[in-house]
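Take a look at the letters that make up each chain.
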Amino acid sequence: PAYTSAYRYFHDNPDTEAVEQTVFDRHLVGSSSTYPARVSGYVTDSAAAATALATATKSYNGAIGVDVDKKPVESVLVWAKKQGKKTGMVVTSQINHATPASYLAHNESRHNYDEIADSFLASHHNIDVLLGGGWQYFIRQDKNLVEEFQANGFNYIDNYGQLAQLPSNEKVLGLFADKGLPWALDDSNKHRLSAMVAPAIAQLENKNGFFMLIEASQVDWAGHSNDIAAAMAEMDDLAKTLEYLEGYVEKNPNTLVVLTADHSTGGFTIGQGGKYLWQPDVLRSMTMSPNTIAEKLAGQKITSTNVSEMLNFKISEVEASELIATKKSLPEALITFNNLPKAEQEKMNKPTVQRLLRQHINRIIDQRTVTGWTTFGHTGVDVPVFAMGKQKELFEGLNDNTDIAKKIFKLLGKQ
Ligand code: ZN
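Predicted model only: the values in this text are computed from it and were never measured.

1. Section: helix α19 (residues 401-411)
Taken together, the buried positions of α19 are occupied by Asn401, Thr402, Ile404, Ala405, Ile408 and Phe409. Buried residues of α19 fall within an arc of 155 degrees about the axis and therefore sit on the same side.

Below is the structure:
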């Protein structure tokens, strides 16, 4: 919920008295709890959450389309296919990441990326359009799944430019990056989700209708990095997509769009340290992700001038000298890391100059914006539910994540 509130202030025109409504504000209908199966406690991961949203089954953290006994459970997408509808998935992560995986595959672990990609091929008859990242899982040493998809009637594309020239009403596999797509802030198209969604819908439209999963996958990744600049750019990509869908529903009133989150991430708060203040101004002019800025600074001399140019806002000499100190601190960070127990190390990324600089840049942006975070993981808060179009009222009030799938199953005629 903090992400959609923050987006309202990020999106606000500060020159007018009113705080302008966002597309999220216009379509809020309720909320959803996100807890996984009892065995995993109250805080979900993306796999259990996606399995709940896709199949109406609560499972353990890590589960892809299987229940707590690791038995496969059917998704709304596969059910929709059985009812004669076309189906599609469009995401900004790799296409076999936890959320899309739970709609098309069954696996005991989200980490089995190659097996999940194999399952996508085995289940190709259930899907018509797949757009996202993931070359490294589909074009591998042991097999080339892209060629096998092509042999099964799929058009394959690997850059955004080709989206405009797709033959209509044919199957499409589009992979645009090795893993996830670049951050919206860094991408050649900062609104790449909406750029993929419009042609995907054009492929899916037919007289029997279609079911489509769309995920703005990297809002969560920005949360894990405690990166408010990337988070707002990803939210902007999502907002543009929802605005496109708003127009689509107006022209096609028989369409239902439901938007929710699988969980919240980072314990993001609008305000921090006792101040009654949140200042998103500097975020609006950023043109590069903190990750890319850190990558550049790792390879060149740090001065207040070049950092200010990259951030598009001015940092002080003191801040620049602190960044220089961080750049020199890798040996100490490695000693601290190496002294941690193995189990702790596995939960973290090994420090690199780029990672240390990235964290430091994120803290500078947090200070400017007065942004707070509590964790690099997920949190257990309820998430908002937005809906528009036909029968949107079904999603009003408090839902559980499994209710979202139950309601979609019911709309698709499953008893
Ligand atoms: Zn996550």
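2. Comments concerning a nonpolar patch on the surface
Taken together, the side chains of Tyr9, Val19 and Ile270 present a nonpolar region at the surface, about 220 Å² in accessible area. Secondary-structure assignment places Ile270 in strand β9 (residues 269-270).

3. Considering the coordination of the zinc ion
Looking at the zinc ion, the protein donor atoms are Asp220 (OD), Asp220 (OD), His224 (NE2) and His378 (NE2), and they sit 2.1 to 2.3 Å from it. Bound by four donor atoms, the zinc ion shows angles of 57 to 149 degrees at the metal and therefore irregular coordination geometry. In primary sequence terms, the donor set of the zinc ion follows D-x3-H-x153-H. One end of the pair, His224, is in helix α10 (residues 218-224); the other, His378, is in strand β11 (residues 378-379), with 154 residues separating them in the sequence. Note on His224: relative accessible area 30%, which makes it partly exposed. On the accessibility criterion, His378 (16% relative accessible area) is buried.

4. What about the nonpolar core?
Across soluble globular proteins, you tend to see nonpolar side chains buried next to one another. Counting 70 residues, the largest nonpolar core has Phe24, Met232 and Leu283 as its most contacted members. In terms of residue count, helix α11 (residues 228-251) provides more of this core than any other element does, 13 residues in total. Apart from residues lying up to four places away in sequence, Met232 is in contact with Tyr3, Ala6, Tyr7, Phe10, Phe268 and Leu283. Leu53, Ile95, Ala105 and Phe154 belong to the second-largest nonpolar core, a separate cluster that totals 45 residues.

5. Points about unusual backbone geometry
We note that Lys70 has phi near 65 degrees; this positive angle belongs to a residue other than glycine. Tracing the backbone through its elements, the reader meets Lys70 in the loop between α3 (46-55) and α4 (76-82). Note on Lys70: relative accessible area 47%, which makes it partly exposed. Although it is not a glycine, Val370 sits at a positive phi angle of roughly 65 degrees. Along the chain, Val370 falls in the loop between α18 (353-369) and β10 (371-372).

6. Things to note about the sheet that holds strand β1 (residues 28-33)
Spatially, the four strands line up as an open sheet ordered β7-β12-β1-β13, and their pairing is mixed. Strands at the two margins of the open sheet, each flanked by one partner only, are β7 (256-260) and β13 (397-400). When the angles between neighbouring strand axes are averaged without regard to direction, this sheet yields 30 degrees. Looking at chain direction, β1 and β13 are connected through four bridges and run parallel. Paired with Ser32 across the bridge in β13 is Asn399.

7. Things to note about α18
For α18, which comprises 17 residues, the first-to-last C-alpha distance of 24 Å matches the rise-based estimate of 24 Å (1.5 Å per residue) to within 8%. Of all the residues in α18, the buried ones are Leu356, Leu357, Arg358, His360, Ile361, Asn362, Ile364, Ile365, Asp366 and Thr369. Note on α18: the residue one or two positions beyond its end, Val370, has a positive phi of about 65 degrees.

8. With respect to the pairing of β7
Burial along β7 is one-sided: the face carrying Val257 and Leu259 is buried and the face carrying Leu256, Val258 and Thr260 is not. Sheet topology places β7 next to strand β12 (residues 383-389); five bridges connect them, and they run antiparallel. Within β12, the position partnered with Thr260 by the bridge is Val385.

Thresholds, definitions, all that
Residues numbered from 1 in each chain as written. Predicted model: local features only at pLDDT ≥ 70, side-chain atom pairs only at ≥ 80, totals over all residues. Heavy atoms only, no water. Buried < 20%, exposed > 50% of the residue type's maximum accessible area, 1.4 Å probe, protein only. Helix = DSSP H or I, 4+ residues; strand = E, 2+ residues; numbered from the N terminus. Arc of directions from axis to C-beta. Patch = residues over 30% accessible without salt bridge, like charges linked within 9 Å, V, L, I, M, F, W, Y side chains within 5 Å. Areas by Shrake-Rupley, 256 points an atom, 1.4 Å probe, with all protein chains shown as cover. Salt bridge = Lys/Arg side-chain N within 4 Å of Asp/Glu carboxyl O. Donors = N, O, S within 2.8 Å, 3.2 Å for Na, K, Ca; no water. Tetrahedral: all angles 85-135°; square planar, octahedral: opposite > 155°, others 65-115°. Core = buried A, V, L, I, M, F, W, Y, C linked by side-chain atoms within 4.5 Å. Contact = heavy atoms within 4.5 Å. Pairing = 2+ DSSP bridges. Axes fitted to C-alpha atoms, helices over the stretch in contact; angles between N-to-C directions. Expected span 1.5 Å × (residues − 1).

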